[in-house]
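Chain by chain, the residues run as shown.
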Amino acid sequence: MPEQINRQIVLASRPVGYPKESDFKLIETELPRADEGEVVVRAIWLSLDPYMRGRLNDVQSYAPAVEIGGVMVGGVAGEVVESRSPAYKVGDIVQGPLGWQEYAVSDGRNLAIVDRSLGPLSTFMGVLGMPGMTAYFGLLDVGSPEPGDTVVVSAASGAVGQVVGQIARIMGCRVVGLAGSAQKTDFLINDLGFDAAINYRTDNVESALDANCPDGIDVYFDNVGGYITDAVLERINTFARISVCGQISQYNLEEPELAPRNLRFLIVNQARMEGFLVTKFAARFDEARKRMSKWMATGQLRYREDVVDGLEKAPGALIGMMTGENFGKLLVKVSEE
Ligand SMILES: NC(=O)c1ccc[n+]([C@@H]2O[C@H](COP(=O)([O-])OP(=O)(O)OC[C@H]3O[C@@H](n4cnc5c(N)ncnc54)[C@H](OP(=O)(O)O)[C@@H]3O)[C@@H](O)[C@H]2O)c1
């Protein structure tokens, strides 16, 4: 191993509202060594994801909070640099929840060997990774799109949203995306083939939905919640499906908003609104990855990545994601492949 220190980012304090850089701390520790049955992994790519904001709060959720002083949680793709496990050899490329650190020890149970024939390594953090799986199953299994349906997706240029929109197009749907800048809406239409895009920061969301969804909305893939979701619910069709994936507009609020209050639209339209966690579909990830890899090869499924260089940039990049600074799947390049 080339260096004798490990750099890690730990949680220094629990943020109130939007996180600050001072809530995180970069520390240097000894390079970890593998005990019997363990491996040491050198991180190459670290995925930054909105769920990390929830792990900063000490509240009951589907996953435990990061402890103060604990290494930040995060998905990593990396290389096995030391192995005392029969399941892995030095040089294997693996992925797993190894956290914000340059080197991590694992007993191997939370690791998977990456099938590099399916796509570049970074895509296992994005389109072929957790966000891509979220898009695939959240749209196809929860949203149940039919050809000709109008599908609306929020945070549409992000890691999940860009994949949702393109899969909906592959399924023969009309796709309308919402995003937070003109560059992002241009990208949705010109690079990803969305039928229409709405800049929710400058457009009137209600009238833009009316103009761009003349036949109403059959499927809504909700990444953001808040007033965008309110506006969509008022425009759903009979038997609409609302796939509740994320509520990023709410994650940094100090006081929760009082909503929803317009659920009568679910009654009169006999609509279904369903939340999900991507982990529900874990047994089918391989099937999805193979199908999506084929779409990538034929150019039907594209992806945009937003790469920041160096572990020390991770806190600032995660904070930026909460205000839309990222454009595409946000990744930290921790070291060279
Ligand atoms: N249910 C699951 O299992 C699961 C799994 C993965 C992700 N998710 C959820 O899926 C959503 C998207 O995740 P991602 O990884 O693809 O992130 P992402 O879209 O790549 O990045 C987050 C984006 O959210 C938008 N945003 C931030 N604050 C906003 C606000 N107040 N109102 C509206 N939009 C806002 C920003 O884009 P704009 O510039 O367009 O505003 C930002 O770029 C998140 O809510 C996440 O929690 C759920």
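Counting restarts for each chain: residues are numbered from 1 in the order of the written sequence. Given that this is a predicted model, residues contribute local features only at a pLDDT of at least 70 and side-chain atom pairs are listed and counted only at 80 or more, while totals for whole chains, interfaces and linings are drawn from all residues. Here the side-chain values reflect all heavy atoms present in the structure, with hydrogen atoms and water set aside.

Asks: Quick question: what am I supposed to make of the overall build of the protein chain here?
Replies: In this text, helices come from DSSP runs of H or I with a minimum length of four residues, and strands from runs of E with a minimum of two, each type numbered from the N-terminal end. Looking only at helices and strands, one finds nine helices and 15 strands in the protein chain. It is over C-alpha atoms that the radius of gyration is taken, and the globule rule equals 2.2 Å times the number of residues to the power 0.38. Taking 337 residues into account, the globule formula puts the C-alpha radius of gyration at 20 Å, and the protein chain, at 20 Å, falls close to it. If one aligns the C-alpha atoms of the protein chain with their principal axes, the spans along those axes are about 60 × 45 × 35 Å. Only protein chains enter the accessibility calculation, which uses a 1.4 Å probe; a residue whose area is less than 20% of its type maximum is buried, one above 50% is exposed, and one in between is partly exposed. Counting all 337 residues of the protein chain, 55% fall into the buried class. Counting contacts in the protein chain only where the partners sit at least 6 residues apart, residues at least 24 apart contribute 68% of the total. Counting only carbon and sulfur atoms, one obtains 50% of the accessible surface of the protein chain, whose full area is about 15,100 Å². Charge counting treats Lys and Arg as positive and Asp and Glu as negative, with His and both chain ends excluded. Positions of charges follow a simple convention, taking NZ of Lys, CZ of Arg, CG of Asp or CD of Glu. Between the averaged position of the 32 positive side-chain charges in the protein chain and that of its 44 negative side-chain charges there is a distance of 3 Å. Any pair of residues with heavy atoms lying within 4.5 Å of one another is described as a contacting pair. To measure how exposed things are, a 1.4 Å probe is used in the Shrake-Rupley method; for residues, cover is taken only from the protein chains shown.

Asks: In this structure, what is going on with the pattern of salt bridges? I would like to understand it.
Replies: Any two side chains of opposite charge can pair, so long as their charged atoms come close to each other. A pair is scored as a salt bridge if a Lys or Arg side-chain nitrogen falls within 4 Å of a carboxyl oxygen belonging to Asp or Glu. Under the definition given, this model contains 20 salt bridges. Here Arg7 makes a salt bridge to Glu312, at a shortest N to O gap of 3.0 Å. In this pair, Arg7 is assigned in strand 1 (residues 5-11) and Glu312 in the loop between strand 14 (305-309) and helix 9 (314-321), connecting sequence segments 305 residues apart. Classification of Glu312 by relative accessible area gives partly exposed; the value is 36%. A salt bridge links Arg272 to Glu274; the shortest N-O distance between them is 2.7 Å. Among the residues examined, Glu274 registers a relative accessible area of 24% and is labelled partly exposed. If you follow the salt bridges from partner to partner, you end up with Arg7, Glu102 and Glu312 in one network.

Asks: What is the right way to look at the sheet that holds strand 12 (residues 236-244) in this model?
Replies: Across a sheet, strands are paired by hydrogen bonds formed along the backbone, either parallel or antiparallel in direction. Any two strands with at least two DSSP-identified bridges between them are counted as paired. Judged by pairing direction, the sheet is parallel, and its six strands sit side by side in the order 10-9-8-11-12-13 without closing on themselves. Strands with a single pairing partner mark the edges of an open sheet, and in this sheet they are strand 10 (196-199) and strand 13 (272-275). Ignoring which end each strand starts from, the neighbouring axes of this sheet average 15° apart. Bridging between strand 8 (residues 150-153) and strand 9 (residues 174-179) involves four bridges; their strand directions are parallel. In the sheet register, Val153 faces strand 9, and the bridge partner there is Gly177. For helices, the axis comes from a line fit to the C-alpha atoms of the stretch in contact; other axes are also lines fit to C-alpha atoms, and the angle between any two N-to-C directions lies between 0 and 180 degrees.

Asks: I keep staring at the domain arrangement of the protein chain and nothing clicks. Help me out?
Replies: When the parts of a complex come together, some accessible area is lost, and that lost area is often taken as the interface size. Taken domain by domain, the protein chain comprises domain 1 (5-126 + 303-333) and domain 2 (130-279). How far each domain reaches was decided by an automatic or database domain assignment. Centre-to-centre, using C-alpha coordinates, domain 1 lies 28 Å away from domain 2. With 22 residues of domain 1 at the contact, the number on the domain 2 side is 15 residues. Joining two parts hides part of their accessible area as seen by a 1.4 Å probe, and the buried area is that hidden amount summed over both. For the pairing of domain 1 and domain 2, the buried interface totals around 1,500 Å² over both sides, and the portion due to carbon and sulfur atoms is 61%. Contact with domain 2 buries surface across domain 1, with Gly126, Arg304 and Phe327 losing the most and accounting together for 27% of the total.

Asks: Just to check I follow, could you spell out the site of the ligand for this structure?
Replies: Taken together, 28 residues lie around the ligand, and Val160, Lys184, Tyr200, Tyr251 and Asn326 are the ones closest in. Each polar contact in these results corresponds to two N or O atoms within 3.5 Å; when the atoms are within protein, one needs to be able to donate a hydrogen and the other to accept it, and residues that are neighboring in sequence are counted only if both atoms are side-chain atoms. Here an oxygen atom of the ligand and a backbone polar atom of Val160 are 2.8 Å apart. Within the contact set of the ligand, a nitrogen atom lies 3.2 Å away from a backbone nitrogen or oxygen of Met322. For the ligand, whose unbound accessible area comes to 910 Å², protein coverage reaches 92%. Those elements that place two or more of their residues in the shell around the ligand are helix 2 (130-143) and helix 3 (159-170). Grouping the constituent residues of the shell around the ligand by class yields 16 nonpolar, ten polar and two charged. Two domains each put at least three residues into the shell around the ligand: domain 1 (5-126 + 303-333) and domain 2 (130-279). When at least one non-hydrogen atom of a residue lies within 4 Å of a molecule or strand, that residue is treated as near it. The residue classification treats Ala, Val, Leu, Ile, Met, Phe, Trp, Tyr, Cys and Pro as nonpolar and Asp, Glu, Lys and Arg as charged. All others, Gly included, are polar.

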